[in-house]
Amino acid sequence: MGKTGMKYNILAADIGGTNSRFAWFQAEGTNHLHMMDVVWLQTKEAASFPRLLEQLRARPFSLLPEQADIVVIAAAGPIEGGVYCAPPYISWDIDLRLPEISTLLNRVVLINDFVAQAYACKSPIGASAKTILSGEADVEGTIGVLGAGTALGKAILVPLPGGGFHALPSEGGHAYFPFLTDREAAFQRFYQTTSGEYHITANLVVSGRGLACLHHFLTGERLTPEEVGARGLGPESETLAWVARFYGRLCRDFALDVLATGGVYVAGGVAARNPGILLHEAFGKEFRDSPTLGRLLARIPVFLIDHENSGLWGAAFLGKQLLQGKIGRAWGEGA
């Protein structure tokens with residue numbers, strides 16, 4: 001059980017397919033969480049997770065891993081048994097049972113990267129999130145968190161008695177994307193033909209590569225995801241209108257799946273770098289479009305978290321909850 005007034009050192013990590021971020025946080029009291037230092041590493045430059053930790057130790061980073069009161073690692077993949085993750089877009093795995101990890105880290109927690117994004121909603125980063133669609137958030141309601149980058153992540157945040165929060169993981173990004181119109185079905189067939197992928201999931205549609213394929217389908221122009229963001233998403237762009245509609249559909253369906261009366265938070269690089277996707281009228285129209293529950297959806301607010309280190313803040317928030325006894329081991333740690 002944590003003690004009020006104590007100062008804790010938290011090492012937070014956000015291991016993604018492109019970048020691996022590490023940050024030193026200090027937690028003090030019940031509400032204070034401060035980022036003291038942060039470093040970014042290239043994930044693919046490390047041959048394994050232990051080698052990544054070696055690269056961290058070689059950098060001018062202010063907190064050694066063994067000095068942390070708790071280490072919270074967020075990884076872009078499903079967590080097995082609280083101790084293992086094989087991220088689908090990284091060539092190596094994370095296994096907390098390895099001696100080179102277990103002897104280095106005193107107290108370590110392994111969570112999904114979008115579980116970290118869910119906890120970020122209750123951190124200072126969540127408090128500064130931009131309102132996309134106004135509504136009436138229920139303070140005791142479930143919160144839905146989703147967002148696209150290399151892939152599409154989803155998580156659910158629920159309040160606990162006593163003031164804590166517990167995040168639940170999801171791998172809903174690997175579910176099929178719902179195409180509705182004849183032209184959307186034509187895009188699905190185009191995607192299957194050009195990519196060689198038969199299972200066109202949400203991961204493939206709203207991620208960066210999905211934007212590139214959609215722009216190719218609509219315009220005949222082959223661009224990289226970065227080029228689509230820079231050149232292909234102007235205010236009058238058909239590509240922008242389509243991806244806004246697709247993103248609104250995903251947010252609506254997820255809000256209904258989890259009954260997100262506490263609000264929907266969008267994170268991830270695609271929306272953060274291209275906020276016009278969520279601000280386009282097609283996003284709001286699609287999100288509120290339901291013949292049965294349109295009135296409910298009209299009350300659910302949608303927010304954008306565009307802070308590049310939001311996953312680190314979420315991991316640190318969980319670490320603070322665990323150190324201060326807000327949630328127990330069964331809620332936040334593996335075996």
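Cut-offs used in this document
- Residues numbered from 1 in each chain as written.
- Predicted model: local features only at pLDDT ≥ 70, side-chain atom pairs only at ≥ 80, totals over all residues.
- Heavy atoms only, no water.
- Pairing = 2+ DSSP bridges.
- Helix = DSSP H or I, 4+ residues; strand = E, 2+ residues; numbered from the N terminus.
- Axes fitted to C-alpha atoms, helices over the stretch in contact; angles between N-to-C directions.
- pLDDT = per-residue confidence, 0-100.
- Contact = heavy atoms within 4.5 Å.
- Salt bridge = Lys/Arg side-chain N within 4 Å of Asp/Glu carboxyl O.
- Buried < 20%, exposed > 50% of the residue type's maximum accessible area, 1.4 Å probe, protein only.
- Parallel < 35°, antiparallel > 145°, perpendicular 65-115°, else oblique.
- Nonpolar A, V, L, I, M, F, W, Y, C, P; charged D, E, K, R; others polar.

(A) The arrangement of the sheet that holds strand 10 (residues 143–148) in detail. Taken in spatial order, the six strands of this open sheet run 9-14-13-10-11-12, and their pairing is mixed. Looking at which strands have only one partner, the edges of the open sheet turn out to be strand 9 (130–133) and strand 12 (165–170). With direction set aside, neighbouring strand axes in the sheet form an average angle of 25°. Where strand 10 lies against strand 13 (residues 264–267), four bridges are found, and the strand directions are parallel. Looking at the pairing, Leu-146 lines up with Val-266 of strand 13.

(B) Structural detail: the confidence of the model for the chain. Residues of the chain with pLDDT of at least 70 account for 95%, and the chain-wide mean is 91. For residues 330–335, every residue scores under 50 in pLDDT, and the model assigns this stretch 16 contacts once sequence neighbours within four places are set aside.

(C) Highlighting the pattern of salt bridges. Following the criterion strictly, the structure yields 12 salt bridges and no others. Where Arg-57 meets Glu-66, a salt bridge forms, and the shortest distance between an N and an O atom there is 2.7 Å. One salt bridge connects Arg-249 with Glu-184, and the closest N-O pair in it is separated by 2.9 Å. One end of the pair, Arg-249, is in helix 9 (residues 238–258); the other, Glu-184, is in helix 5 (residues 182–195), with 65 residues separating them in the sequence. When its relative accessible area of 2% is taken as the criterion, Arg-249 is described as buried. By relative accessible area, which is 1% here, Glu-184 ends up buried. One network of salt bridges, in which partners are shared, links Glu-184, Arg-245, Arg-249, Arg-252, Asp-253 and Glu-286.

(D) Geometry of the packing of helix 5 against helix 9. Two elements in contact, helix 5 and helix 9, have axes whose closest approach is 13 Å; the angle formed by their N-to-C orientations is 95°. Comparing their axes, helix 9 and helix 5 come out roughly perpendicular. On helix 9, the residues that touch Arg-183, Glu-184 and Phe-187 of helix 5 are Glu-238, Trp-242, Arg-245, Phe-246 and Arg-249. Tallied by class, residues from the contact of helix 5 with helix 9 come to three nonpolar, no polar and five charged.

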